[in-house]
Amino acid sequence: MSNRILRRLTGAFAALAGLVAAGAAQAAPAPILVVDVDSGKVIYGQAATDPWYPASITKLMTAYVALDMVRQGRASLGSLITISPAAAAEPPSKMGFRPGTQLTLDNALKIIMVKSANDVAWAIGESLGGSVENFAAMMNETGQRIGMRESRWTNPNGLPDAQQWTSARDMAVLARALMRDFPDSRDLFSISAIQFGKAVMANHNGLLGRYAGADGMKTGFICSGGFNVVASATRNGRRIVAVVMGQPSARERDLKTADLFDYAFTQGPSWTSQSLESLSPSASPAPPDMRPYICGGKKAPPIDEGPGAIAASGADGAVAQFMGATAASSPAAAMAAFSSTALRNRTLPPRAPLQPIAVWIGRDPAEGEALLAQQENAAKTAAAEARQAKLEAAKAKREAAKEAARQVQAARAEKAAQAKAAGKAEKPAATRAAAKPAPKKPQGALPQSATAYTSVEAPAMPGAKPAAKPAAKPAAKAAAKPAQKPAKPAAKKAQADE
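Residues numbered from 1 in each chain as written. Predicted model: local features only at pLDDT ≥ 70, side-chain atom pairs only at ≥ 80, totals over all residues. Heavy atoms only, no water.

As annotated in an unreviewed UniProt entry, the protein carries the name D-alanyl-D-alanine carboxypeptidase DacA and comes from Methylobacterium dankookense.

Here it is as structure tokens:
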């Protein structure tokens, strides 16, 4: 039965593991490796030495360097890690600690293993190495010393970097070194949840509490590398490490890992099996970029992990659900096999109840509580000040708007007055006088040359001209004044003149 399962498993993974490298014409097989921890023998492998982007499984390397410094006496689990502004600025997944916050190395390691907090991992690198660059150099030196061949490290949290990669083989070497060199820290990699204050954060590893025997290690995800996991499981005293990389979802990553464990526990170590050291180097010069295939045009998830509901119902039943597919002729066919209805319908009972481990900032829980209370009060004060500042700003804005409106009205009035004054100044006095309407003359008024004194008819004198007829008096004047006396005869005036 074991040989039949092996043949089926080999054929199934050959069909299911085709993933596209960005811009590549051919499918890039996803790295897979299953190893017996005690012997270091390979139980199953595929593209095990191909370079791949590690994502947050990088934090296993960060943990090894930190624990190694503790072992050498260069640090202690009580050493304080400080969150710098650069660390606080790292993108999620993160704790969101403020710059200047301090916590012990012990709590920092628990946080990066469970929450996969990028800000805390960055702070570990800065605090222990003096700088992230120095810590990365320590990661590379340590990796070479413990037998890692394909890995190149540039940061302690695994966020995207084109120059940082590893391989399934190297991660299996690292997992075995962690178990061998730090047996007292094995529980660090199997914490189901942490509790910080009132918040409880579950481990991203979807195998913990769901797969019988699963006891930890680390998951990771970035678009360029897909969903990765380094997982360990123990049954009947035998421990297996599985490395699965480049999967299209957390759920499918966990399902495949569960099936690999099911198969591995049916296989005994064979003297003919390859060891990790004997695996041939890869011919690939660099990792494929899986972003177009894993994320497409969509925005990456806000955290580096996803839900990992899995199922495993025994070796035959679990592996059989992968069977029936022939070799995939294209990446699309491989993805269709990953997303088969049978795969989607596989379930397990809900996750076992979480057992949170308390973590805190500061040197001890009491100090942590005091600091949290202080931060909460500071946050409330800052919020109140922000609200007051917002109200004052709104009031100032309204007053400024009113003042601006008043200034606009005053400017308009002044402009209108200036325009009116300028118009009057331009008109000459004569023009203004001519422009005035002439007063109306009363009806029947005499012309200016007329007089009220006219001659009265008198007896004609020899040689005298007849007297002119008296002009008619204005009706208004006649009504207002009594009639004047008749003038003296013109003839007498004439005689006197002579």
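Colleague: Could you give an account of the packing of aromatic side chains, with specific residues and numbers?
Modeller: If you walk through the whole model with that rule in mind, you get five aromatic pairs. Summarising the aromatic geometry, the rings of Tyr-64 and Phe-182 are spaced 5.0 Å apart at their centres and angled 70 degrees between planes, so their arrangement reads as edge-to-face. With a gap of 118 residues between them, Tyr-64 in helix α2 (residues 58–71) and Phe-182 in the loop between α7 (168–181) and β7 (193–196) connect regions that are remote in the sequence. Taking relative accessible area as the criterion, Tyr-64 reaches 0% and is therefore assigned buried. You can call Phe-182 buried: its relative accessible area is 7%. (Phe/Tyr/Trp six-rings, centres within 6.5 Å; stacked < 30°, edge-to-face > 60°. Helix = DSSP H or I, 4+ residues; strand = E, 2+ residues; numbered from the N terminus. Buried < 20%, exposed > 50% of the residue type's maximum accessible area, 1.4 Å probe, protein only.)

Colleague: Quick one: what's the story with the pattern of salt bridges, residue by residue and with numbers?
Modeller: Enumeration over the complete set of coordinates arrives at 13 salt bridges. As a salt-bridge pair, Arg-238 and Asp-36 come within 2.9 Å of each other at their nearest N and O atoms. Here the residue Arg-238 occupies a position in strand β11 (residues 238–247), and Asp-36 occupies one in strand β3 (residues 32–36), the gap between them amounting to 202 residues. For the pair shown, Arg-238 and Asp-36 are each scored as buried. In this structure, Asp-254 engages Arg-253 in a salt bridge whose closest nitrogen and oxygen atoms are separated by 3.2 Å. (Salt bridge = Lys/Arg side-chain N within 4 Å of Asp/Glu carboxyl O.)

Colleague: Please give an account of helix α5 (residues 118–129) that cites residues and values.
Modeller: Spanning twelve residues, α5 covers 16 Å between terminal C-alpha atoms, matching the ideal 16 Å at 1.5 Å per step. Most of α5 sits inside the fold, with ten of its twelve residues counted as buried. Taken together, the buried positions of α5 are occupied by Asn-118, Asp-119, Val-120, Ala-121, Trp-122, Ala-123, Ile-124, Gly-125, Leu-128 and Gly-129. Taken together, the buried residues of α5 touch α2, β5 (80–82), α3 (85–88), α4 (105–114) and α6 (132–146). Directly beyond the C-terminal end of α5, a positive phi value near 85 degrees is found at Gly-130. (Expected span 1.5 Å × (residues − 1). Contact = heavy atoms within 4.5 Å.)

Colleague: For the sheet that holds strand β12 (residues 356–359), give the residues involved together with the corresponding values.
Modeller: Strand order in the open sheet made by the three strands is β8-β7-β12, with mixed pairing throughout. In the strand order of this sheet, the two ends are held by β8 (199–202) and β12, each with one partner. Adjacent strand axes in the sheet meet at a mean angle of 30 degrees, parallel and antiparallel pairs treated alike. Pairing of β7 with β8, which is carried by four bridges, proceeds in the antiparallel orientation. Opposite Phe-196, over in β8, you have Ala-199 as the bridge partner. Taken strand by strand, α4 contacts β7, β8 and β12, and its axis lies near 135 degrees from that of β12. (Pairing = 2+ DSSP bridges. Axes fitted to C-alpha atoms, helices over the stretch in contact; angles between N-to-C directions.)

Colleague: Go over the sheet that holds strand β4 (residues 42–46), please, and point to the residues and values.
Modeller: Spatially, five strands are ordered β4-β3-β11-β10-β9 in an open sheet, and the strand pairing comes out antiparallel. In the strand order of this sheet, the two ends are held by β4 and β9 (214–222), each with one partner. Geometrically, the sheet is characterised by an average inter-axis angle of 10 degrees between neighbouring strands, direction not taken into account. Sheet topology places strand β10 (residues 226–235) next to β11; eight bridges connect them, and they run antiparallel. By the bridge assignment, Arg-235 is partnered in β11 with Arg-238. Lying on the sheet, α7 is in contact with β3, β9, β10 and β11; it crosses β11 at an angle near 145 degrees.

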